[in-house]
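Letter by letter, the chains look like this.
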Amino acid sequence: MVISRTILFKGAETEISVALIQHELAHIDQINRHGAVKFYLIYFCDYVSNLWRLRDHNAAYRHIRFEREARELAASACNEVAASHKTVTQKTFIQASLPKRVRPTDPSK
Ligand SMILES: [Zn+2]
């Protein structure tokens, strides 16, 4: 949960995922873009409008425009982290499996 520009988590530390942190950071970015008052006003109006239309708390919450955007940004950020981790892992593996004489030399040495 984000209150102004402070992120609050409940539960154990092990339950805090990178995706959750990215999601909450996206909300802070939204607050920075719109200002806190406008952010919470749009957030609340979206929720009430969605609740009226969908008649379901969870669906109304999921369809708030800031929630949708935060989920998309968090998923995108996590995919980038996963892709960069995969690249580093593959490069390291290839480097380690080359015979010593064909390993690229480090120009700084
Ligand atoms: Zn959220």
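So, here's what we can say about the structure. Since this is a predicted model, take the numbers as computed values, not measurements.

Things to note about the overall build of the chain
The secondary structure content of the chain amounts to four helices and two strands. The proportion of buried residues among the 109 residues of the chain is 8%. For the chain, long-range pairs separated by at least 24 residues make up 51% of all intrachain contacts whose partners lie at least 6 apart in sequence.

A look at helix H2 (residues 36-54)
Think of an α-helix as turning once every 3.6 residues; residues three or four places apart then point the same way. For H2, built from 19 residues, the straight-helix expectation of 27 Å at 1.5 Å per residue is met to within 8% by its first-to-last C-alpha distance of 26 Å. Following H2 by one or two positions, Arg55 adopts a phi angle in the positive range, close to 60°.

Quick word on the environment of Thr6
Looking at the secondary structure, you find Thr6 in strand E2 (residues 6-7). You can call Thr6 exposed: it has 9 C-beta atoms within 10 Å. The spacing of Thr6 and Glu24 is 18 residues in sequence and 9.2 Å in space, taken between C-alpha atoms.

A look at helix H1 (residues 18-34)
Under the 1.5 Å per step criterion, the end-to-end length of H1 is 24 Å for 17 residues, consistent within 8% with the ideal 24 Å. Along H1, the positions that sit buried rather than exposed are His23, Ala26, His27, Gln30 and Ile31. Down the axis of H1, the smallest arc covering the buried residues is 140°, so these residues share one side. Seen from the buried face of H1, the exposed residues on the opposite side, beyond 90 degrees, are Val18 and Asn32. Of the residues one or two after H1, Gly35 is the one with positive phi, at around 90°.

Points about unusual backbone geometry
For Ser4, which is not glycine, the phi torsion reads 55° and is therefore positive. Within the secondary structure layout, Ser4 lies in the loop between strand E1 (2-3) and E2. For Arg55, which is not glycine, the phi torsion reads 60° and is therefore positive. Position of Arg55 relative to the elements: it lies in the loop between H2 and helix H3 (57-62). Residue class for Arg55 comes out exposed when judged on the 9 C-beta atoms lying within 10 Å of it.

What to know about the environment of Ala74
Inspection of the secondary structure puts Ala74 in helix H4 (residues 65-97). Between the alpha carbons of Ala74 and Ala19 there is a distance of 5.5 Å; along the sequence they are 55 residues apart. Beyond its immediate stretch of four places on either side in the chain, Ala74 contacts Ala19, Gln22, His23 and Ala26.

Quick look at the packing of H1 against H2
Interhelical geometry of H1 versus H2 gives an angle of 115° and a closest axis separation of 6 Å. Considering the angle they form, H1 stands roughly perpendicular to H2. Relative to H2, H1 is oriented so that their crossing is right-handed. Counted together, Gln30, Ile31 and His34 of H1 and Ala36, Lys38, Phe39 and Ile42 of H2 form the full contact between these two elements. For the contact of H1 with H2, a count of residues per class yields four nonpolar, two polar and one charged.

Procedures and definitions
Here, residues in each chain are numbered from 1, in the same order as that chain's written sequence. The predicted nature of this model means local features are confined to residues of pLDDT at least 70 and side-chain atom pairs, given and counted, to a pLDDT of 80 or more, with totals for whole chains, interfaces and linings taken over all residues. Secondary structure follows DSSP: runs of H or I at least 4 residues long count as helices, runs of E at least 2 residues long count as strands, and numbering of each begins at the N terminus. Partly exposed residues are those whose C-beta has more than 12 but fewer than 20 other C-beta atoms within 10 Å; with 20 or more the residue is buried, with 12 or fewer it is exposed, and the C-beta atoms are placed from the backbone. Our contact criterion uses C-beta atoms placed from the backbone: two residues qualify when those atoms are within 7 Å. A helix is expected to reach a length of 1.5 Å times the quantity of its residues less one. The directions considered for the arc run from the helix axis to the C-beta atoms. Note on method: axes are straight lines fitted to C-alpha atoms, helices fitted across the in-contact stretch only, with angles between N-to-C directions ranging 0 to 180 degrees. Here the angle decides the label: under 35 degrees means roughly parallel, over 145 means roughly antiparallel, 65 to 115 means roughly perpendicular, and every other value means oblique. By definition, any crossing whose near helix is turned counterclockwise from its far helix by less than a right angle is left-handed, and any crossing with a clockwise turn is right-handed. Residue polarity follows a fixed list, in which Ala, Val, Leu, Ile, Met, Phe, Trp, Tyr, Cys and Pro are nonpolar, Asp, Glu, Lys and Arg are charged, and the others, Gly among them, are polar.

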